[in-house]
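Residue-level listing of the chains:
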Protein chains: 4
Amino acid sequence: LRQLASELESIDLRSDNEAPVAPEILAAIERANRGAADSYGEDAITARLRAVLCERFETQLEVFPVFTGTAANALAIAQLAPAFGAVFCHPQAHLATDECGAPEFYSGGAKLIPVPGEHARIDAEAFAAALSACDADDVHQSLPAALSLSQSTELGSVYSPRAIAELCASAHGAGLSVHMDGARLANALAHTGCSPAELTWRAGVDILSLGATKNGALAAEAVVVFERALTDGLARRRKRAGQLASKMRFVSAQLEAYVRDDLWLRLAGQANRAAAALAAGLRGVPGIELAHPVEANEVFVRMPSSLADGLAKDGVRFHRWPGEHALYRLVASYCTSDAEIERVLACAMRLAA
Amino acid sequence: LRQLASELESIDLRSDNEAPVAPEILAAIERANRGAADSYGEDAITARLRAVLCERFETQLEVFPVFTGTAANALAIAQLAPAFGAVFCHPQAHLATDECGAPEFYSGGAKLIPVPGEHARIDAEAFAAALSACDADDVHQSLPAALSLSQSTELGSVYSPRAIAELCASAHGAGLSVHMDGARLANALAHTGCSPAELTWRAGVDILSLGATKNGALAAEAVVVFERALTDGLARRRKRAGQLASKMRFVSAQLEAYVRDDLWLRLAGQANRAAAALAAGLRGVPGIELAHPVEANEVFVRMPSSLADGLAKDGVRFHRWPGEHALYRLVASYCTSDAEIERVLACAMRLAA
Amino acid sequence: LRQLASELESIDLRSDNEAPVAPEILAAIERANRGAADSYGEDAITARLRAVLCERFETQLEVFPVFTGTAANALAIAQLAPAFGAVFCHPQAHLATDECGAPEFYSGGAKLIPVPGEHARIDAEAFAAALSACDADDVHQSLPAALSLSQSTELGSVYSPRAIAELCASAHGAGLSVHMDGARLANALAHTGCSPAELTWRAGVDILSLGATKNGALAAEAVVVFERALTDGLARRRKRAGQLASKMRFVSAQLEAYVRDDLWLRLAGQANRAAAALAAGLRGVPGIELAHPVEANEVFVRMPSSLADGLAKDGVRFHRWPGEHALYRLVASYCTSDAEIERVLACAMRLAA
Amino acid sequence: LRQLASELESIDLRSDNEAPVAPEILAAIERANRGAADSYGEDAITARLRAVLCERFETQLEVFPVFTGTAANALAIAQLAPAFGAVFCHPQAHLATDECGAPEFYSGGAKLIPVPGEHARIDAEAFAAALSACDADDVHQSLPAALSLSQSTELGSVYSPRAIAELCASAHGAGLSVHMDGARLANALAHTGCSPAELTWRAGVDILSLGATKNGALAAEAVVVFERALTDGLARRRKRAGQLASKMRFVSAQLEAYVRDDLWLRLAGQANRAAAALAAGLRGVPGIELAHPVEANEVFVRMPSSLADGLAKDGVRFHRWPGEHALYRLVASYCTSDAEIERVLACAMRLAA
């Protein structure tokens, strides 16, 4: 029994941030460590990263590697919104709830305007209503400047390309630019089977936070700019935010390995499959119900606190979701194994019995 | 001849930022990559890092790992100076000239007040004069809030512990706190033979930017706080700046390996010795003169542009120093070899002949 | 008929900001214009202002005159909330909707957290729930720092002293400070008959934006600080915001005249009575209904757009309230006359007939 | 004797900010106080102000009235320089030394770069050198964005139109815009006899802080924009800074009266003449020497502290200039009388005898 408990201790479903670095990415860092290289992004690996991203996204783009998703999001927002601007996002968006005001900081005080929608997807009608409630000529209000979408969302759902296109069209129609928080973009790609272009610029996205850290990197994210005019000043913003890596080759190497040979899709696919298996199993456990569609690598369930406590006691680690009673989040990562999922399910069934 | 030229191509004295990661530090990253670990600094390695720093600095301190020296400096300044505050620093300090306004950004607009001094060391009398020119009760002026010292300095010189203590006493006497930019602190430690405590808190430093990236790390710096009251709000500032690593164990592992077993001193000692050998040799080259004392790993020389061009042609890479005619900087790193130094000197002698 | 129309043209119920300066206040400005006086608030009138406010509010307080309500609010918020802080306010609060992000600007990026409640009064239970959803130890969230109440509210309702005390107790219990936006405090005083102390510091308010401009001044507002510790840095914040009047005697003179001899209460009482008469009359007009309790000088009505258009055509000027269909705001000022109210009512009755 | 002393007490040469409001301007405020008027600058007087300024400056321009010179300067700077920008100005410029970091605040952290020059006039060669030391492509440096000139300067000197044109040409050649701090522009106009156009946009100035408060207004300054593209976002910046007057007619009325009928030139001419008479007289007093050319309304003298103390004792009020030993400033205003000047001179002669 003790052995079982100890084995269970290792089942960590708290976040994909707890996962280790994927071997392919660590190997890329090691390969990058050969002799001297130009600093601050002038190196050959960063140049290759841009090329591979252009190829994968099927367009000319600019890429600005940074260290964290918070930085990528906040830099992107600061590019789109002036200090006196307003940015529309879902009230549950990561940038609204989990970045301690980073978008406000980087932009010099832009305002986030919450737009509701089920499962953390912005509702198109609600967005249209929010837009029409604004008067761009009224200097007493912040200037509507940008829309920010999360793909996949903070609650594990995914936008269809059509849904993205509809929101982007509304935004552009009102003179706004569109940001996509792609901290878990790979999971959305794996879920939809869409190409990177389809889920981003072809649907109208102007600037993307491309995440890798939650999906196997050590610390590597990037601001990807599809609309050239939006790069203006971005290099200096990155520098003064302390996000310009002196030895950038090691950040770029992670990102290059991540997208080259479709590693990002394989890792995300594995995480998504683990989450799907977990969801499928949990759905069958008496007393547990799924709170949101499981379309990426996150599973949100409602269950009695006794059951949640029991799972925790048995070594399954996960978070109670703040702000709502009896809601819990379990996150699969690229290295969550079938055996782990089976154990969690067996444990849940036993506790619910 | 062609072969010689091609070998010379590899002599990179532009910056210690071009150097690769030290094997010991890469190994520490690899060791840290075992299974899941708590995210955002709750992991065991980060806890160990704090312990080893307390031991090395012989005091209770708090450590906040971040990704870049710019971030460490700007966070530290924001802790010491309110938005309406003033920070005294040398006009050649990195935070004044090379961070694109990061201290102003992080602090919300604090003002840097230049205080002169030879070789980028702040002159004690000039600082006293600057302080006495301020009137803390005059709301038209920014509030004098902090002194920032660079150790070693931007021009390769080093402060003695006594010089630091004198400046800190002036600062504290006027109600200011003291920041040390220690991007190259290890070089100063290696040069002086002082203990970390002697060059920092025992001399009066309240908060330190501890650098590792220029001296063998991949991307690892830290804000080290000696004066507990100064940690207030720092964790949130770091988060909203996008400097809170989700997988912090990999940043902390670099820093732990850096200070444990005196690796930092060994690496810095090697860089310092290479710079000293380079300086000693260049001093003997007709037409070349040293512009600043070589006390760390940087060599500043004045030489005819023909000579500089010749060296560059022969594959020695280094920077012309902006703002001054015919001034050049050559930086040795922990992996600059004796053979490289010998080749540079042979080349210079040949060109000067 | 033409004459009637032209007379009606002068009925301006758009805002109390359209009203002229009260004769008593203009006279005070003229009296202040005798010879030289100390600048930047060192003058005798500013000293007298502080004394008369201490006397009226029955406590030792500090007063910082400024030019606008936006500045008073934003300065007060910046005193209470750090750049990484959160401020709870009603989603319809003036500082959330009508100041183009001034609180975010002055505070360096603090976040406004909306807390709902009927008639723009924050609901005590909703506030308690919002507080308990926060985790002050979670660095991913902004630090809960302040509660901001508007008295009277943006929708013309008024908090009872008991309601204020309950909210302040919750706030203080959670370590937050309390700001009151008193752009129309005098209207609330006139409505409740309470003393200034009862509606502010005795109920738990720490810092007050005291408005005068909407109630008869030319341009005069003040940050009034009841909790001494909260004055720290405020003088410099005011200066760097461009809100430190060089000839402050003329701002202070307005405020002194405003509170001395109860002028503020007389003017607000007149405006409140006009609004009450207007509300009483409109309530009797078929098709018109009051949307919010009329407790200050603002009347919110729902009416058919045909009726609204008819009134406008007849020279009654007022605003459609943004964001809600068929909602209109009519604001009485200290100089709205009985005759004007009668004409508006007669006009409405005629149109509704 | 007592009577003489008491009369002398009223000689206030500390600053033109201590002066009262000119009768013509107070009368304009009173005239503006007729019934209701559109708020927030939609009123007829503000429209007239724009028209009269276009006529006086002989060009199409936009005007944004604000309350203080600090606000006008900081708004103008924020229009010209991004948060990551650099602004060149004289180290003694008001915006560098006397605004507690307002330009940094409004711009989100832009950096002021000091450029020296005699008598607080920026030296053209020094500016060219400062420009050439910048590398606009180097993201480690702030982006060179603007030049700011003060006319008249902080030390009472005046730029010739030719000197302005030369500096503006350098600035524009390097892609920078030009701001003029015209807190005392009228004094420069009166001194040079130039037209407003000649000293501003015809010489290359893009944006002007137009001061009136120091020269007879109550509280009225304006941002005047000659280059239309530079108005973008300015209205919202003014609002969120708390500088949008709700009852703007009273600010605009001051400015209109100020420029209409050349009142500004008459008032400034009187102040200049008083300063010139003071300077001429003091020059003849043994032990006193003029420190700077007296071209506007400020007189800087070096004198023994015993003489300065004697004058103070006899009721002449003026400031010791900070940062330099034995330097004193005496400022004449539009209402400094011949009799006052005579008394000061008689007093000085007596003390020096």
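The model shown is predicted, which means the values in this text are computed figures rather than measured ones.

A. How the structure looks around the overall build of chain A. Per the secondary structure count, chain A includes 15 helices and 13 strands. Taking the principal axes of the C-alpha coordinates as reference, chain A spans close to 60 × 55 × 30 Å. In chain A, which comprises 353 residues, the share counted as buried stands at 64%. Contacts in chain A between residues far apart in sequence, at least 24 positions, make up 76% of those at least 6 positions apart. Of the accessible surface of chain A, which amounts to about 12,000 Å², a share of 50% is contributed by carbon and sulfur atoms.

B. Representation of the interface of chain B and chain A in the model. Counting from both sides, the interface comprises 47 residues of chain B and, opposite them, 47 residues of chain A. Note on chain B versus chain A: buried area summed over both sides is about 3,900 Å², and carbon and sulfur give 55% of it. When the buried surface of chain B facing chain A is broken down by residue, Phe105(B), Arg240(B) and Lys247(B) rank first, second and third, together holding 20% of it. Counting across the chain B and chain A interface gives 4 salt bridges. The closest approach of N and O atoms between Arg317(B) and Asp38(A), which form a salt bridge, is 3.9 Å. Counting across the chain B and chain A interface gives 36 residue pairs in polar contact (both at pLDDT 80 or more). Among the elements of the structure, α2 (23-32), α4 (69-80), α6 (102-107), α11 (234-240) and α12 (249-259) of chain B are those that each provide at least two residues to the side of chain B that touches chain A. The residue inventory of the side of chain B that touches chain A, partitioned by class, reads 20 nonpolar, 12 polar and 15 charged.

C. Highlighting the relation of the copies chain C and chain A. Once chain C has been moved 0.0 Å along the axis and rotated by 180 degrees, it coincides with chain A to within an RMSD of 0.0 Å. Look at the turn and shift together and you get a two-fold axis relating the two. Ranked by how close their C-alpha atoms come to the rotation axis, the residues of chain C are headed by Gly109(C), at 2.3 Å.

D. Fine view of the state of the cysteines. What the rule picks out here adds up to 0 disulfides over all chains. You can see Cys335(A) has no disulfide; the closest cysteine sulfur is in Cys347(A), sitting 20 Å from it.

E. Here's a closer look at the sheet that holds strand β13 (residues 327-331) of chain B. Residue and element names in this part refer to chain B. Spatially, 4 strands are ordered β9-β10-β13-β12 in an open sheet, and the strand pairing comes out antiparallel. Here the strands that pair on one side only, and so sit at the sheet edges, are β9 (289-290) and β12 (319-320). One ladder, built from 2 bridges, connects β9 with strand β10 (residues 298-302); its direction is antiparallel. Paired with Leu290 across the bridge in β10 is Val301.

F. Region of the structure containing the interface of chain C and chain A. Chain C puts 16 residues into the contact, and the matching count from chain A is 16 residues. Carbon and sulfur atoms supply 47% of the area buried between chain C and chain A, which totals about 1,400 Å² over both sides. The largest per-residue losses of area from chain C upon contact with chain A belong to Cys100(C), Lys111(C) and His140(C), which jointly make up 37% of the total buried on that side. Viewed at the interface, chain A and chain C are joined by 2 salt bridges. In this structure, Glu104(A) and Lys111(C) form a salt bridge, with 2.8 Å as the shortest nitrogen-oxygen distance. Counting across the chain C and chain A interface gives 8 residue pairs in polar contact (both at pLDDT 80 or more). At 3 residues, helix α5 (residues 94-97) of chain C tops the list of elements feeding residues into the side of chain C that touches chain A.

G. The side chain of Thr153(A), seen in detail. As for its position among the elements, Thr153(A) is in the loop between β5 (143-150) and α8 (161-173). Filtering out sequence-adjacent residues up to four positions away, Thr153(A) remains in contact with His119(A), Ala120(A), Arg121(A), Tyr159(A) and Glu298(A).

H. Up close: the pairing of strand β10 (residues 298-302) of chain A. Residue and element names in this part refer to chain A. Of all 5 residues in β10, 4 are buried; the element is thus mostly enclosed. Here 5 bridges tie β10 to strand β13 (residues 327-331), and the two strands are oriented antiparallel to one another. When the sheet's bridge partners are listed, Phe300 is paired in β13 with Arg329.

I. Representation of the environment of Ala19(C) within the structure. For Ala19(C), the location among the structural elements is in the loop between β1 (11-12) and α2 (23-32). Judged by relative accessible area, Ala19(C) falls into the buried class, the value being 5%. Distance in space between the C-alpha atoms of Ala19(C) and Gly216(C) is 7.2 Å, their sequence separation being 197 residues. With sequence-adjacent residues up to four places away left out, Ala19(C) is seen in contact with Ser333(C), Tyr334(C), Cys335(C), Lys247(D) and Arg249(D).

J. Seen up close, the relation of the copies chain B and chain A. Mapping chain B onto chain A calls for a rotation angle of 180 degrees and an axial translation of 0.0 Å; the resulting RMSD is 0.0 Å. Mapped onto chain A, 100% of the interface residues of chain B are again interface residues, and the two copies thus contact each other with one and the same surface.

K. Quick peek at the sheet that holds strand β7 (residues 207-211) of chain B. Residues and elements named next belong to chain B. One open sheet holds the 7 strands; their spatial order is β2-β8-β7-β6-β5-β3-β4, and the pairing between them is mixed. The outermost strands of the open sheet, each flanked by one partner alone, are β2 (62-66) and β4 (111-114). The average angle at which neighbouring strand axes cross in this sheet is 25 degrees, direction not considered. Here strand β3 (residues 85-89) pairs with β4 via 4 bridges, running parallel. Across the sheet, residue Ala86 finds its bridge partner in β4, namely Lys111. This element, helix α3 (residues 44-57), spans β2, β7 and β8 (221-225) of the sheet and lies at about 120 degrees to β2.

L. Quick peek at the pairing of strand β5 (residues 143-150) of chain D. Residue and element names in this part refer to chain D. Burial analysis of β5 places 7 of its 8 residues in the buried class, which makes it a mostly covered element. Inspection of the sheet shows strand β3 (residues 85-89) paired to β5 by 4 bridges, in the parallel sense. Opposite Ala86, over in β5, you have Pro144 as the bridge partner. Where β5 and strand β6 (residues 177-182) come together, 5 bridges link them in parallel fashion. Looking at β6, one finds that Leu149 is bridged to Met180. Since β5 and β6 lie parallel, the crossover through helix α8 (residues 161-173) that links them has a hand, and here it is right-handed.

M. Representation of the packing of aromatic side chains in the model. Under the counting rule described, the total for this entry stands at 36 aromatic pairs over all chains. One aromatic cluster is present, built from ring pairs that chain together Phe57(A), Phe226(A), Tyr258(A) and Trp264(A).

Cut-offs used in this document
Residue positions are given per chain, counting from 1 as you read along its sequence in written order. For naming, the first written chain is A and the first written ligand is 1, with later ones following in the order written. In keeping with the model being predicted, local features are shown solely for residues with a pLDDT of at least 70 and side-chain atom pairs are shown and tallied solely at 80 or more, while totals for entire chains, interfaces and linings include all residues. Excluded from the side-chain calculation are hydrogens and water; included are all heavy atoms of the structure. Numbering of helices and strands runs from the N terminus, with a helix taken as a DSSP run of H or I at least four residues long and a strand as a DSSP run of E at least two residues long. Under the scheme applied here, a residue whose accessible area is under 20% of the maximum for its type counts as buried, over 50% as exposed, and between as partly exposed, the area being computed with a 1.4 Å probe on protein chains only. Throughout, a residue-residue contact means that at least one pair of heavy atoms, one from each residue, lies within 4.5 Å. Reported accessibility uses the Shrake-Rupley method at a 1.4 Å probe radius. Residues are deemed covered only where the shown protein chains occlude them. A simple way to read buried area is as the amount of 1.4 Å-probe accessible surface that goes missing from two parts once joined, with both sides added. Salt bridges, as used here, are contacts in which a Lys or Arg side-chain nitrogen is within 4 Å of a carboxyl oxygen on Asp or Glu. For the purposes of these results, a polar contact is taken to be a pair of N or O atoms within 3.5 Å, where, inside protein, one atom must be able to donate a hydrogen and its partner to accept one; residues adjacent in sequence count only when each atom of the pair is a side-chain atom. Charged means Asp, Glu, Lys or Arg here, nonpolar means Ala, Val, Leu, Ile, Met, Phe, Trp, Tyr, Cys or Pro, and polar covers whatever is left, Gly included. Only residues with pLDDT of at least 70 in both copies count here: their C-alpha atoms drive the least-squares fit that superposes the copies. The rule for a disulfide is simple: a pair of cysteine sulfur atoms within 2.5 Å. Here the rule is simple: two strands pair whenever DSSP picks up at least two bridges between them. Every axis corresponds to a line fitted to the C-alpha atoms, with the helix fit spanning only the stretch in contact, and the corresponding angles, defined between N-to-C directions, vary from 0 to 180 degrees. Handedness is read with the strands pointing away from the viewer; a crossover is right-handed when the path from the first strand over the helix to the second is clockwise. A pair of aromatic rings is counted whenever rings of Phe, Tyr or Trp (Trp by its six-membered ring) have centres within 6.5 Å, and the orientation is called stacked for planes under 30 degrees apart, edge-to-face for over 60 and tilted otherwise.

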